[in-house]
Amino acid sequence: MSPLTSSVLTATIQAPKIEYSQVAPMLIVLGAAVLGVLVEAFAARRLRYGLQLGIALVGLLAALVSVALLAGAHHIVAMGAVAVDGPTLFMQGSILVFAVLGVLTMAERSLDPGGTAFAAQAASVPGSTAERDAVGAGIMQTEVFPLTMFAVSGMLLFPASTDLLTMFVALEVLSLPLYLLAGMARRRRLLSQEAALKYFLLGAFSSTFFLYGVALLYGYSGSISLTGIADAVSGATGGDALLLIGTALVSVGLLFKLGAAPFHSWTPDVYQGAPTPLTGFMAAATKVAAFGALLRVLYVALGGVRWDWRPMMWAVAILTMVVGAVVAITQTDVKRMLAYSSIAHAGFLLTGVIATSRAGLSSVMFYLLAYGFSTIGAFAVVTLVRNSGGEATHLSQWAGLGRRSPLVAGIFTLFLLAFAGIPLTSGFTSKFAVFSAAMAGGAAPLVVIGVLVSAVAAFFYVRVIVLMFFSEPVGDGTSVVLPSALTTIAITVGAAMTVVLGVLPGWFLHLADQAAVFVR
Amino acid sequence: MRTILAGLPGLAAATATAPAMGTGEVWLFWILAPIAVLAALGMLVAKKAVHSALLLALVMFCLAVFYIAEQAPFLGIVQIVVYTGAVMMLFLFVLMLVGVDSSDSLVETLRGQRLAGLLAGAGFAALLMGGIGSAALGTRAGLGPQSASRNVVDIATLLFTRYTWAFEITSALLITAALGTMVLAHRERTAPRPTQRELSEQRFRSGGQLTPLPAPGVFARHNGVHVPGLLPDGTPSELSINKVLAARGDIRSGQELDTPGIAASTEEEK
């Protein structure tokens, strides 16, 4: 017998043990996604929209229930690949809620005369007769729903991964559908396709940074599991070049995803070009997933070298806050302004990460929840303000909106006040939590800068409010279109939670605090 | 492979220093590494996409040899079969479909971007080389003499136990890719396909060319597609030649190919 066959025969592989109940949220969402693909293949075209929307919503809600049932879990499952612990469940819950709201806004058909915010046929060349025919035939690209579900499944796994390989796969699973969806806007399709290509190229670029960092961390520690790296870090005496460079490169990959400066350049273009409902979903849910992964890597694997990565994170946080707030002032497009606002918020969130404490973790989780509700709501309001060419996103078109549609302008004002961090809104509570955690974590100068930047940021939010309420309307046919129940629910939930998290944040703060322990 | 790995099995036991490379492996490295680096640089600067693709295949091939030399025969073979063999060749097929002639526009839309990119890249490379070069590499035991034959088994064990979850989640990636390709490339018909009868009726209604197009070439002299056919009055027929060839200026008239005597005689006949 040759040595090869003998060694094969003697090898016994123990069957892997997957705790299916513990990874149920991901499995349900993946199942819904695959079911959606089958619907695309076999269901008649007129049935697809209803079926897809139903499958997506039922899947997401079922996954949300299974997350709730897992509350209190604190272990590593699926052969050591997935951590089911407080932060995982809190963030998975947040992502699923945002996904429900996101799917509701994406399914909205009564705003655009053609149908949803997504292209009737993404394959047809913009401006061609094929596109006109597709729009005229009233068909719609219902693949949007399964793609969204795939993105959600990646987001659910991303903050739960306990090894860097699984994390990388999750990163790709969450990114790939988003690259696709970003290029599928119904109006201004060239802008949308440019955004998708930019997002794809830069995203692929940042993924390779992440992968290179993983390789270097493996070279340093001989392990790609977060606990393995943590053991190697605590066993070593001083910082090693491999560890430091690996940490830096992995951080680059993660910071790109959450849109921190100097890796933010994709954010405004993609947020502006992508279909607005997708932008809202992406801004809220991707941020949760990316911060979840960043927190797990930095806290679990690299907590031992926090004195090495903290100075760099300081720089990134300051730069992110300043770039986001200052550049937002010069923006004339609502979606771009919200994009820069999201960059600034990533900076505020990073101050909580830098705290490297339980309070830091819980405050960041709370912030993500609060910010997500406001963001989805704000982008949903943007979809309502339209003229004959689609959404009217130029700020000048928003002038005098408060006089014509006080309710919509009032709700948007609420979201803007929350972004600015005005008391009695969720923005104030979350900013207060993050800053006090950073203060306790010894980052007082960072908090001072954060407060100053918040003041700058408040300027451009207030400017939009003034524009809406105190300037004369321009008569260019811009009006507020009445949405169906889908978008109405999303906006209502977003606004209600913005108020609730500002006025009665106690229960949620307590929940976040309870959840803020990583399993190791 | 035996000669390449000659120095390695014994080294697993020698833990005093980091495992040194055997002579064969040193030679292998210093021959293939420059080729790989030059090919990688060439891939970046090549103006034609086909050249880039072929150079990338060369880089991948060099890497595959390194993998095999590093006692990872399975990885090396997979690298050649899957990446160099399948993926790169598919890529070349796509390039062929798109058109081999098409090359990227090299106009800088942002001024000075290329220089800035070059500087940043060089800085990053220097940082990495300095950092990794000075890194304290611990002593690694190596894979041991048995590893070459157990290679596939070990990978399978890891893939189906420790990394089952990642492996299964990857399927989501593949479905997404397939679905995305359909979304971006597949155009469903919005109207029913016209029948042959409808097409025929449409052709007669529009009143264009009803008969088949005249054939190119001049009987008994030139039957190439680049020579227009002559009408009864001796003028070349525009319809007999391909418009693309005409646009490229590849058309030659029947007259200029004629021998002088015959040309003169045709003139006289006119």
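Relevant structure appears above.
From a predicted model like this one, the values you see are computed outputs, not experimental measurements.

**Q** How do you make sense of the overall build of chain B when you look at a structure like this?
**A** Counting its secondary structure elements, chain B contains 10 helices and 0 strands. Classification of the 270 residues of chain B by burial places 23% in the buried group. For chain B, the proportion of contacts with a sequence separation of at least 24, taken over those separated by at least 6, is 53%. Put simply, chain B shows about 18700 Å² of open surface, and 68% of that area lies on carbon and sulfur atoms.

**Q** I tried to follow the sheet that holds strand E5 (residues 479-480) of chain A on my own but got confused; where do I start?
**A** Strands belonging to one sheet form pairs held by backbone hydrogen bonds; the direction of such a pair is parallel or antiparallel. Residues and elements named next belong to chain A. One open sheet accounts for 3 strands, arranged E4-E3-E5; its pairing is antiparallel. A strand with exactly one partner marks an edge of an open sheet, and here the two such strands are strand E4 (390-391) and E5. Sheet topology note: the strand E3 (residues 385-387)/E4 ladder contains 2 bridges and is antiparallel. Paired with Arg386 across the strands is Glu391, a residue of E4. Taken strand by strand, helix H15 (residues 358-384) contacts E3, E4 and E5, and its axis lies near 25 degrees from that of E3.

**Q** Would you mind going over the pattern of salt bridges with me for this structure?
**A** Opposite charge on two side chains makes pairing possible when the charged atoms of those side chains draw close. All names here are of chain A. Taken as a whole and judged by the stated rule, the model has 13 salt bridges over all chains. Note that Glu19 and Lys17 form a salt bridge whose closest N and O atoms lie 3.5 Å from each other. Using a relative accessible area of 23% as the deciding quantity, one classes Glu19 as partly exposed. Across the pair Arg48 and Glu40 runs a salt bridge, and its minimum N-O distance is 3.5 Å. We classify Glu40 as buried; its relative accessible area is 9%.

**Q** Please clarify how the layout of surface pockets should be interpreted in this entry.
**A** Any space left empty among the atoms is revealed by the rolling of a water-sized probe across them. Taken as a whole, the second largest pocket spans an internal volume of roughly 720 Å³. What lines the second largest pocket is a set of 26 residues, among which Ala248, Leu249, Ser251, Val252 and Phe263 of chain A lie closest to the centre. Only helix H8 (189-221), helix H10 (241-257) and helix H13 (306-329) of chain A together with helix H4 (113-134) of chain B provide two or more residues apiece to the lining of the second largest pocket. Here the lining of the second largest pocket takes 9 residues from H10 of chain A, the largest share from any one element.

**Q** How should I be thinking about the environment of Leu127 of chain B in this particular structure?
**A** Residues and elements named next belong to chain B. When you line up the elements, Leu127 lands in helix H4. With relative accessibility at 59%, the residue Leu127 sits in the exposed group. Note: C-alpha distance between Leu127 and Pro73 (54 residues apart in sequence) is 32 Å.

**Q** Even after reading the chapter, I still don't get a nonpolar patch on the surface, so can you show me in this structure?
**A** Residue and element names in this part refer to chain B. On the surface, Phe74, Val152, Ile155, Leu159, Phe160 and Phe167 cluster together into a nonpolar patch covering about 470 Å² of accessible area. Mapped onto the secondary structure, Phe160 falls in helix H5 (residues 147-160). On the basis of relative accessible area, Phe160 is assigned to the partly exposed category, the value being 40%.

**Q** Help me understand the packing of helix H12 (residues 276-301) of chain A against H15 of chain A, please; the structure alone is not making it clear to me.
**A** To characterise two packed helices, one gives the angle between the axes of the helices and the distance between these axes. All names here are of chain A. Between H12 and H15, the least distance of the axes is 7 Å, while the angle of their chain directions is 170 degrees. When the axes of H12 and H15 are compared, the pair comes out roughly antiparallel. Contacts between H12 and H15 involve Thr276, Pro277, Thr279, Gly280, Phe281, Ala283, Ala284, Lys287, Val288, Phe291, Leu295 and Tyr299 from the former and Gly360, Leu361, Val364, Leu368, Tyr371, Gly372, Thr375, Ile376, Phe379, Val382 and Thr383 from the latter. When grouped by side-chain class, the residues that make up the contact of H12 with H15 number 15 nonpolar, 7 polar and 1 charged.

**Q** Where do I start with empty space enclosed by the protein in this structure?
**A** Residues and elements named next belong to chain A. Counted according to the given criterion, the structure contains 5 cavities of 30 Å³ or more. Volume-wise, the largest cavity comes out at about 310 Å³. Lining the largest cavity are 27 residues, with Ala117, Arg187, Pro275, Thr276 and Glu391 positioned closest to its centre. Residue assignment for the lining of the largest cavity shows that the elements contributing at least two residues are helix H11 (266-273), H12, H15 and E4. Looking at side-chain class alone, the lining of the largest cavity contains 8 nonpolar, 11 polar and 8 charged residues. Reported here for the second largest cavity is a volume of approximately 70 Å³. Tyr199, Lys257, Leu258, Gly259, Trp266, Thr267, Tyr271, Met282, Ala283, Thr286, Lys287 and Ser342 are the residues that line the second largest cavity. Every element with two or more residues in the lining of the second largest cavity is listed here: H11 and H12. Among the elements that take part in the lining of the second largest cavity, H12 stands out by supplying 4 residues, more than any other. Residue composition of the lining of the second largest cavity, grouped by class: 6 nonpolar, 4 polar and 2 charged.

**Q** Got a minute to help me understand the packing of aromatic side chains in this structure?
**A** Remark: the centre distance and the inter-plane angle together describe each pair of aromatic rings, the angle taken between the planes. Residue and element names in this part refer to chain A. Applying the stated rule across the entire model yields 22 aromatic pairs over all chains. Aromatic side chains Phe205 and Phe209 sit 5.1 Å apart centroid to centroid with 85 degrees between the ring planes, which places their arrangement in the edge-to-face category. Separated by 4 residues within a single helix, Phe205 and Phe209 lie in helix H8, roughly one turn from each other. With a centroid separation of 6.1 Å and an interplanar angle of 25 degrees, the aromatic rings of Phe428 and Phe432 are classed as stacked. Of the two residues, Phe428 and Phe432 are both situated in helix H18 (residues 426-440); the distance of 4 residues between them amounts to about one turn of the helix. Residue class for Phe428 comes out partly exposed when judged on its relative accessible area of 36%. When its relative accessible area of 55% is taken as the criterion, Phe432 is described as exposed. The cationic tip of Arg109 hangs over the ring face of Tyr49; the distance from NZ or CZ to the ring centre is 3.6 Å.

**Q** Whenever I open this one, the interface of chain A and chain B confuses me. Can you help?
**A** Listed as interface residues are 59 residues of chain A and, on the opposing side, 39 residues of chain B. Across the chain A to chain B interface the summed buried area is about 3900 Å²; carbon plus sulfur atoms make up 74%. Asp163 of chain A is paired through a salt bridge with Arg162 of chain B; the nearest N and O atoms lie 3.3 Å apart. Those elements that provide at least two residues to the side of chain A that touches chain B are helix H1 (3-10), helix H2 (24-42), helix H3 (45-69), helix H5 (129-137), helix H6 (144-157), helix H7 (164-182), H8 and H10 of chain A. Looking at the side of chain A that touches chain B, the element that brings in the most residues is H7 of chain A, giving 8 residues. Considering only residue class, the side of chain A that touches chain B consists of 42 nonpolar, 10 polar and 7 charged.

**Q** Whenever I open this one, the nonpolar core confuses me. Can you help?
**A** Counting residues in each nonpolar core, the largest one holds 201 residues, and the members touching the most others are Val82, Phe158, Leu278, Leu294, Leu350 and Phe412 of chain A together with Trp165 of chain B. The element contributing the most residues to this core is H12 of chain A, with 18 residues. Those residues in contact with Leu278 of chain A that sit more than four places away from it in its chain are Met106, Phe118, Leu178, Leu181 and Ala182 of chain A. Ranked by size, the runner-up nonpolar core spans 8 residues in total, among them Leu28, Leu32, Ala33 and Phe66 of chain B.

Analysis parameters
Residues numbered from 1 in each chain as written. Chains lettered and ligands numbered in written order. Predicted model: local features only at pLDDT ≥ 70, side-chain atom pairs only at ≥ 80, totals over all residues. Heavy atoms only, no water. Helix = DSSP H or I, 4+ residues; strand = E, 2+ residues; numbered from the N terminus. Buried < 20%, exposed > 50% of the residue type's maximum accessible area, 1.4 Å probe, protein only. Contact = heavy atoms within 4.5 Å. Areas by Shrake-Rupley, 256 points an atom, 1.4 Å probe, with all protein chains shown as cover. Pairing = 2+ DSSP bridges. Axes fitted to C-alpha atoms, helices over the stretch in contact; angles between N-to-C directions. Salt bridge = Lys/Arg side-chain N within 4 Å of Asp/Glu carboxyl O. 1 Å grid on protein atoms, 1.4 Å probe; cavity = no way out; pocket = protein on both sides within 12 Å on 5 of 7 lines; lining within 4 Å. Points joined across faces, edges and corners; volume = space filled by probe spheres on them. Patch = residues over 30% accessible without salt bridge, like charges linked within 9 Å, V, L, I, M, F, W, Y side chains within 5 Å. Parallel < 35°, antiparallel > 145°, perpendicular 65-115°, else oblique. Nonpolar A, V, L, I, M, F, W, Y, C, P; charged D, E, K, R; others polar. Phe/Tyr/Trp six-rings, centres within 6.5 Å; stacked < 30°, edge-to-face > 60°. Lys NZ or Arg CZ within 6 Å of the ring centre and 35° of its normal. Buried area = accessible area lost by both parts, 1.4 Å probe. Core = buried A, V, L, I, M, F, W, Y, C linked by side-chain atoms within 4.5 Å.

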